[in-house]
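Spelled out from the first residue to the last, the chains are:
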Amino acid sequence: MSSLSIKSFVIIVILFLVCSESLIFYSFFQDSKRSINEILTNSLQSDVLNLKHYMQKNLKQKDINEIVSHMDNLIVINPVIRDIHILDNNKNIVYDPDIRMPQGTVHATGECIPISKIVETDLFTQNCYSFSIKTYKGLSPQYYYANIYIDSKYIDNLVMQQMKKTLLLFAIATFLFSIILWLLFKHYVILPLKGLRQYAYYSENPPKNFFIKEIESIRYSLSMTFKRLKKEQEELYNLSTKDPLSGLYNRLSLIEKLNWLISKGQRDKDEFAILFLDLDNFKNVNDSKGHEFGDKILLHISKTLLKATRKNDIVSRLGGDEFVVVLSEFKDENKIVEIAQRLKENLSKPFKLDDEEFTITASMGIAIYPKDGKDVKTLLQNADIAMYKSKELGKNNYQFFTDDINKAVQERISMQKTIRNALQNNHFKLFYQPKVDIKTNKIVACEALVRLIDPIEGIIPPYKFISIAEENMSIIPLGEWIIKEAVSQIKKWEQTPLKDIKVSINLSGVQFKDQELLQKIEILTKDIDRSKFDIELTESVLIEEFQERLNVIKDIKKLGISLSLDDFGTGYSSLSYLKDIPFDTLKIDKAFIDNIYTKDDLTFINMIIGIADDLELNVVAEGVETKEQLKLLKEINCEQYQGYLCSKPVPPKEFEELFSKN
Ligand code: C2E
Ligand code: CA
Ligand code: CA
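Below, the structure is looked at part by part. (Residues numbered from 1 in each chain as written. Chains lettered and ligands numbered in written order. Predicted model: local features only at pLDDT ≥ 70, side-chain atom pairs only at ≥ 80, totals over all residues. Heavy atoms only, no water.)

Overview of the sheet that holds strand β4 (residues 128–137)
So, point 1. Strand order in the open sheet formed by 5 strands is β2-β1-β5-β4-β3, with mixed pairing between adjacent strands. Each edge of the open sheet is held by one strand with a lone partner, namely β2 (93–95) and β3 (113–114).
So, point 2. With 2 bridges connecting them, β3 and β4 associate as parallel partners. Of the residues in β4, the one forming a bridge with Pro114 is Ser130.
So, point 3. Most of the contacts of helix α1 (residues 6–58) go to β4, to which it runs at about 15°, and overall it touches β1 (81–87), β4 and β5 (140–150).
So, point 4. The strands touched by helix α2 (residues 68–77) within the sheet are β1 and β2, with β1 carrying the most contacts at an inclination of about 155°. (Pairing = 2+ DSSP bridges. Helix = DSSP H or I, 4+ residues; strand = E, 2+ residues; numbered from the N terminus. Contact = heavy atoms within 4.5 Å. Axes fitted to C-alpha atoms, helices over the stretch in contact; angles between N-to-C directions.)

What to know about a nonpolar patch on the surface
So, point 1. A grouping of Leu168, Ile172, Phe175, Leu176, Ile179, Ile180, Leu183 and Leu184 is seen on the molecular surface, where their side chains present a nonpolar patch of about 770 Å² in accessible area.
So, point 2. In this structure, Ile180 sits in helix α3 (residues 152–202). (Patch = residues over 30% accessible without salt bridge, like charges linked within 9 Å, V, L, I, M, F, W, Y side chains within 5 Å. Areas by Shrake-Rupley, 256 points an atom, 1.4 Å probe, with all protein chains shown as cover. Salt bridge = Lys/Arg side-chain N within 4 Å of Asp/Glu carboxyl O.)

Some points on the side chain of Thr121
So, point 1. Relative to the elements of secondary structure, Thr121 occurs in the loop between β3 and β4.
So, point 2. Here Ile118 takes part through its backbone oxygen, which lies 2.9 Å from a polar atom of the side chain of Thr121.
So, point 3. A distance of 2.8 Å separates the side chain of Thr121 from the side chain of Tyr129, its partner in a polar contact.
So, point 4. In this structure Thr121 touches Asn37, Ile113, Gln126 and Tyr129, once residues within four positions along its chain are discounted. (Polar contact = N/O pair within 3.5 Å; in protein donor to acceptor, adjacent residues only side chain to side chain.)

Quick word on the coordination of the calcium ion (ligand 3)
So, point 1. Around the calcium ion (ligand 3), the protein contributes the donor atoms Asp566 (OD), Asp567 (OD), Glu622 (OE) and Glu622 (OE), which lie 2.0 to 2.5 Å from the metal centre.
So, point 2. Counting gaps between the donor residues of the calcium ion (ligand 3) yields the pattern D-D-x54-E.
So, point 3. The distance between the calcium ion (ligand 3) and the calcium ion (ligand 2) comes to 3.9 Å, with Asp566 serving as a donor to both metals. (Donors = N, O, S within 2.8 Å, 3.2 Å for Na, K, Ca; no water.)

Notes on unusual backbone geometry
So, point 1. Backbone torsion omega between Tyr369 and Pro370 reads 0°, so that peptide bond is classified as cis.
So, point 2. If you trace the backbone, Pro370 turns up in the loop between β11 (362–369) and α9 (376–392).
So, point 3. For Lys91, which is not glycine, the phi dihedral falls at a positive 65°.
So, point 4. Topologically, Lys91 is positioned in the loop between β1 and β2.
So, point 5. By relative accessible area, Lys91 is classed as partly exposed at 48%. (Buried < 20%, exposed > 50% of the residue type's maximum accessible area, 1.4 Å probe, protein only.)

Points about the site of ligand 1
So, point 1. Taken together, 20 residues sit near ligand 1, with Gln433, Arg451, Asp566, Glu625 and Tyr644 positioned nearest.
So, point 2. Here Asp566 contributes a side-chain N or O atom positioned 3.0 Å from an oxygen atom of ligand 1.
So, point 3. For ligand 1, the protein covers 79% of the area, taking 790 Å² as the surface of the free molecule.
So, point 4. Listed by contribution, the elements that provide at least two residues to the shell around ligand 1 are β14 (442–454) and β18 (562–568).
So, point 5. At 4 residues, β14 tops the list of elements feeding residues into the shell around ligand 1. (Near = heavy atom within 4 Å.)

Comments concerning the nonpolar core
So, point 1. Of all hydrophobic cores here, the largest spans 76 residues; its most connected members are Phe533, Ile535 and Leu633.
So, point 2. It is helix α12 (residues 475–493) that provides the largest number of residues to this core, a total of 10 residues.
So, point 3. Ignoring any residue separated from it by four or fewer positions in sequence, one finds Phe533 in contact with Ile483, Ala486, Val487, Ile490, Lys502, Val503, Ile505, Thr525, Ile528, Ile561 and Ser562.
So, point 4. The next biggest cluster of nonpolar side chains, apart from the first, holds 33 residues, and it includes Leu277, Leu305, Phe323 and Leu353. (Core = buried A, V, L, I, M, F, W, Y, C linked by side-chain atoms within 4.5 Å.)

Digging into the coordination of the calcium ion (ligand 2)
Each donor-metal-donor angle would ideally measure 109.5 degrees in four-coordinate tetrahedral geometry, or 90 or 180 degrees in six-coordinate octahedral geometry.
So, point 1. Taken together, Glu447 (OE), Asn506 (OD1), Glu536 (OE) and Asp566 (OD) make up the protein donors of the calcium ion (ligand 2), found 2.1 to 2.3 Å from the metal.
So, point 2. Ordering the donors of the calcium ion (ligand 2) by residue number gives the pattern E-x58-N-x29-E-x29-D.
So, point 3. Judged by relative accessible area, Asn506 falls into the partly exposed class, the value being 28%.
So, point 4. Taking the relative accessible area as the measure of exposure, Asp566 reaches 7% and is therefore buried.

Some remarks on the state of the cysteines
So, point 1. This model, assessed by the stated rule, comprises 1 disulfide.
So, point 2. With no disulfide partner, Cys446 has as its closest neighbouring cysteine sulfur the one in Cys646, 11 Å distant.
So, point 3. Counting only cysteine sulfurs, Cys646 is the nearest neighbor of Cys638, a cysteine outside any disulfide, at a range of 14 Å. (Disulfide = S-S within 2.5 Å.)

Considerations on a positive patch on the surface
So, point 1. A cluster of basic residues, Lys7, Lys186, Lys194 and Arg197, forms a positive patch on the protein surface.
So, point 2. Broken down by element, the positive patch gets its largest block of residues, 3 residues, from α3. (Lys, Arg positive; Asp, Glu negative; His and termini not counted. Charge placed at Lys NZ, Arg CZ, Asp CG, Glu CD.)

Description of the packing of aromatic side chains
So, point 1. Per the counting criterion, the structure on display carries 15 aromatic pairs.
So, point 2. For the ring pair Phe272 and Tyr369, a centre distance of 5.0 Å and an interplane angle of 10° mean the geometry is stacked. Of this pair, Phe272 sits in strand β6 (residues 272–279) while Tyr369 sits in strand β11, placing them 97 residues apart in sequence.
So, point 3. Relative accessible area serves as the criterion here: at 2%, Phe272 is assigned to the buried category.
So, point 4. The exposure class of Tyr369 is buried, given its relative accessible area of 5%. (Phe/Tyr/Trp six-rings, centres within 6.5 Å; stacked < 30°, edge-to-face > 60°.)

A look at helix α13 (residues 517–524)
So, point 1. Those residues of α13 that fall on the buried side of the exposure criterion are Leu517, Lys520 and Ile521. Buried residues of α13 fall within an arc of 100° about the axis and therefore sit on the same side. (Arc of directions from axis to C-beta.)

Description of the pattern of salt bridges
So, point 1. Under the definition given, this model contains 30 salt bridges.
So, point 2. Among the ionic pairs, Asp243 bridges to Arg317, the shortest N-O distance being 3.0 Å. Here Asp243, found in the loop between α4 (213–241) and α5 (251–268), pairs with Arg317, found in strand β7 (residues 314–319); they are 74 residues apart in sequence, far enough to count as distant.
So, point 3. Accessibility expressed as a relative area gives 11% for Arg317, which makes it buried.
So, point 4. Note that Lys371 is salt-bridged to Asp372, the shortest N-O span being 3.3 Å.

So, in structure tokens, the structure goes:
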């Protein structure tokens, strides 16, 4: 069924109303006609009966002519009566006044019905009533017949007038009623519905309360639905653009905003800065205090960042403990320094968490658009690189991205690749540097030093790759390879004059992170005389997890492998290690040998040799380059030396030649 507009509906209702009003009018009209009839009938009846009575009474003594004035009067007074004819015994008209009808008009008496039946008839259809009287004039009876004619024109007029009046009244009433109905409908139904439709379509400018209950309830439901929709929309938006923990922008919306800033920057030649922020040692906090506590810290950091930045700066959390602040609209780099400094100060302020005072710091890296990158990826990457530089330089600080930093990072990345590649393709080689007995000047031992032989770049020295291999843990497989290689060299030399040469390898602190280090050493060295195998360690190995690592070192020692303390004298608490760790050898760092001619260093070396003697430790002087240095060492009874004076680290073949010449 097709739907109907309210307008058409109201018009139909009004038409229906007019129809029903017409019906009502018709019945009302019939009613009033009936009541007119009744009133006129009653008056006519009483007038006619009065006349009859009057005639009856007076015609006994009087002649008809003497009483005509009464009848004339009656015709004049009662407008319903058009005419009265009185007939005598012989049906001759004895009275016919000439009042409203031309004289001589004869009415057939047969048409008239007796007045006694007047109530059964109505004046609209019957136009003549009659009665008869009997009197005596002397002794002879005298009959009179009266015919009373009705003025049907008068009655018609009367009815017509009544009808006109009623019709007018009804028409006016219907008209007024229709207008009022229309206005009410328009005001209370049509306009509110229009407003609702508008509201439903645009879901804004909610209309005010409506008078009609049902429409009002629709308005209310609509506004509730819109409110709910809006809330859901907001929640959905937040979910997709905000980080649920901190409420800050997430990575996705950060990228979106940065893209927008870049296109604005291209247009308006604007600059903006990206501040990449990473909490220092957050992993330790998370591990030791639990994730819930970690979350609280992240929340605290988020709030601090929001407080320390301006309204139009963008603060976002990339995930974990990484945050990015975008500083737009700055005049010069001093402003960035100011903000970074403020962030640093605010972040490192102690704060209370779970009734415990806590301090956490952050390292920051800053990249500037367009100088440090023209796209989001590069900018974020470079800010991240600068952040790492800031970590390297001691954390709790900020660092601008520079070309130098960039170059170093690129080199590091490329070196990581080279290391992975070298491990797969066997590009590592061990070089051996002699350790010489100072008294006999004979080569008694050697230190295995790793080299990366790159097919393109040639020999790469360890300072270029060891720290990187430590960073990405590839020092663990590399270290394993070094042990294997050194052991295999010892085995090769077993049947040669070099059979008594002791071989040292260097063990990095990171290798202790390998839980299987001890087992690996045990397995790899099982086929050799372990007294010919030595491990050099620096103090730094024991900076972390002292007790655990000390236990491993003691277990290595128990295998029969000797231990050397490398770079001795460069650390801080060198002497305290000597009593805790079962070292066999002290290697005096090259820095002291370089300065052996100064009185202080010679005294120091002398003192070390004295202590070593007491502790029954062997002493090796590192980095001996001149005969003078050797002479001085000989004078203070140093046992061995290692250095370019004898030889640089060389491949096994050359080492063998060196040994046979020696
Ligand atoms: P280190 O253990 O102190 O090794 C001694 C370094 O001093 C070697 O440098 C050696 O070539 C150098 N050297 C020896 N005598 C002289 C001298 O008379 N003059 C000068 N100027 N230098 C001399 P290299 O081989 O470049 O190794 C540097 C460092 O790299 C080593 O210091 C060690 O810490 C690390 N390293 C080398 N090979 C390995 C390895 O196989 N494993 C581990 N974990 N670290 C290694
Ligand atoms: Ca060494
Ligand atoms: Ca050394």
